[in-house]
Amino acid sequence: MFELLHEKLKTSMQESASCTIICYGDSVTQGCFGPQDVHPTPLDSYSVKLHSALQFLYPEKVINVLNAGVAGDTA
């Protein structure tokens, strides 16, 4: 799946300077990780980690990663 995203980002870099990715899902997407994590923060969510990794790999591109996770919901 990352190979497809990589190809899209490479192609879109020539067409546009920005990219927006939306992460849909449940509490895991939102950033809640269960009872052992008493105080999880939004900075612990995988969408934040994804954004950091993509900005590192594509520093010349404006990448927006939106977290649309809702605890108790399903994708």
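Visitor: So what exactly am I meant to see when it comes to the overall build of the chain here?
Guide: A tally of helices and strands in the chain yields three helices and two strands. When the helices and strands of the chain are read in sequence order from the N terminus, they spell out α-β-α-α-β. Out of the 75 residues in the chain, the part that is buried amounts to 21%. For the chain, the proportion of contacts with a sequence separation of at least 24, taken over those separated by at least 6, is 65%. Counting every atom, the chain has about 5400 Å² of accessible surface; 62% of that belongs to carbon and sulfur.

Visitor: Looking at this structure, how should I read the nonpolar core?
Guide: Within soluble globular proteins, side chains that are nonpolar tend to cluster in buried spots. Core analysis: the largest hydrophobic core is formed by eight residues, namely Leu9, Cys19, Ile21, Cys23, Leu54, Tyr58, Ile63 and Val65. Of all the elements in the fold, those that place two or more residues in this core are β1 (18-25) and β2 (62-69). Tallying contributions element by element places β1 first for this core, with three residues. Every residue in contact with Leu54, bar those within four places of it in the chain, is listed here: Phe2, Leu5, Leu9, Ile21 and Ile63.

Visitor: For this particular structure, what's the right way to read a nonpolar patch on the surface?
Guide: A surface patch of nonpolar side chains, amounting to about 360 Å² of accessible area, comprises Phe2, Phe56 and Leu57. Take Leu57: it is sitting in helix α3 (residues 46-57). Residue classification places Leu57 among the partly exposed residues on the basis of a relative accessible area of 46%.

Visitor: What exactly am I supposed to notice about the confidence of the model for the chain here?
Guide: Segments scoring low in pLDDT should not have their predicted coordinates read at a detailed level. Chain-level pLDDT for the chain is 79 on average; 76% of the residues reach the 70-or-more range. Confidence scores differ between elements of the chain, with helix α1 (residues 2-15) showing the lowest mean pLDDT of 74 and α3 the highest of 91.

Visitor: How should I be thinking about the environment of Val28 in this particular structure?
Guide: Along the chain, Val28 turns up in helix α2 (residues 27-30). Exposure remark for Val28: the relative accessible area of 46% places this residue in the partly exposed category. Distance in space between the C-alpha atoms of Val28 and Val70 is 8.6 Å, their sequence separation being 42 residues.

About the cut-offs
Residues numbered from 1 in each chain as written. Predicted model: local features only at pLDDT ≥ 70, side-chain atom pairs only at ≥ 80, totals over all residues. Heavy atoms only, no water. Helix = DSSP H or I, 4+ residues; strand = E, 2+ residues; numbered from the N terminus. Buried < 20%, exposed > 50% of the residue type's maximum accessible area, 1.4 Å probe, protein only. Contact = heavy atoms within 4.5 Å. Areas by Shrake-Rupley, 256 points an atom, 1.4 Å probe, with all protein chains shown as cover. Core = buried A, V, L, I, M, F, W, Y, C linked by side-chain atoms within 4.5 Å. Patch = residues over 30% accessible without salt bridge, like charges linked within 9 Å, V, L, I, M, F, W, Y side chains within 5 Å. Salt bridge = Lys/Arg side-chain N within 4 Å of Asp/Glu carboxyl O. pLDDT = per-residue confidence, 0-100.

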